[in-house]
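Below are the chains, spelled out letter by letter.
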Amino acid sequence: HVPYVAVFDSDVRGSTKPSPDVIELNRRLRKAAGPERYVEFNPDFEGILGISSRNNKPQRALAALRSARRRDLPTLLVRVVELTMEAARPTAPSYS
């Protein structure tokens, strides 16, 4: 068993109809991860954090997260951390 959490952007914006490719990719990601092992940001991670610029996104995201308190974090980000911690907990080996 390899612990994992799938985290991805839906990339579906506003009233714009998503392309069939985006719909299919998101469906496959959900199916591969399983119902309890994925978090889908809608429309994207940047939107959840309130980062609108295309420049320096990783640095801006890190700065926003470093200065945030848990109660100020978006629920989906808290869910990512909770799922990740749960997946990382040691369990008895499974030989099935």
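Before any of the text, the structure's been laid out above.
Note on numbering: residues in each chain are counted from 1, in written sequence order. At least 70 in pLDDT is required for a residue's local features to be given in this predicted model, at least 80 for side-chain atom pairs to be given and counted, and no such filter applies to totals for whole chains, interfaces and linings, which use all residues. With hydrogens and water stripped out, all remaining heavy atoms of the structure feed into the side-chain values.

Put simply, buried Ala, Val, Leu, Ile, Met, Phe, Trp, Tyr and Cys residues joined by side-chain atoms within 4.5 Å make one nonpolar core. Think of it in three bands: residues with accessible area under 20% of the maximum for their type are buried, residues over 50% are exposed, and the middle band is partly exposed, with areas taken using a 1.4 Å probe on protein chains only. With eight residues, the main nonpolar core is built from Val39, Phe41, Leu49, Ile51, Ala61, Leu77, Val80 and Leu83. Looking at this core, the elements with two or more residues in it are strand 2 (38–41) and helix 4 (75–88). Take this core: its biggest share by element is three residues, from helix 4. Note on contacts: a residue pair is in contact if any heavy atoms of the two residues lie within 4.5 Å. With near-sequence residues (within four places) excluded, Ala61 lies in contact with Phe45, Leu49 and Ile51. Numbering of helices and strands runs from the N terminus, with a helix taken as a DSSP run of H or I at least four residues long and a strand as a DSSP run of E at least two residues long.

Here the aromatic set is Phe, Tyr and Trp, taking the six-membered ring for Trp, and pairing holds for ring centres within 6.5 Å; pairs whose planes are under 30 degrees apart are stacked, those over 60 apart are edge-to-face, and all others are tilted. Summed over all chains, the structure comprises two aromatic pairs. With centroids separated by 5.5 Å and ring planes inclined at 65°, the aromatic side chains of Phe41 and Phe45 adopt a geometry described as edge-to-face. For Phe41, a relative accessible area of 2% puts it in the buried group. Phe45 sits in the partly exposed class, given a relative accessible area of 24%.

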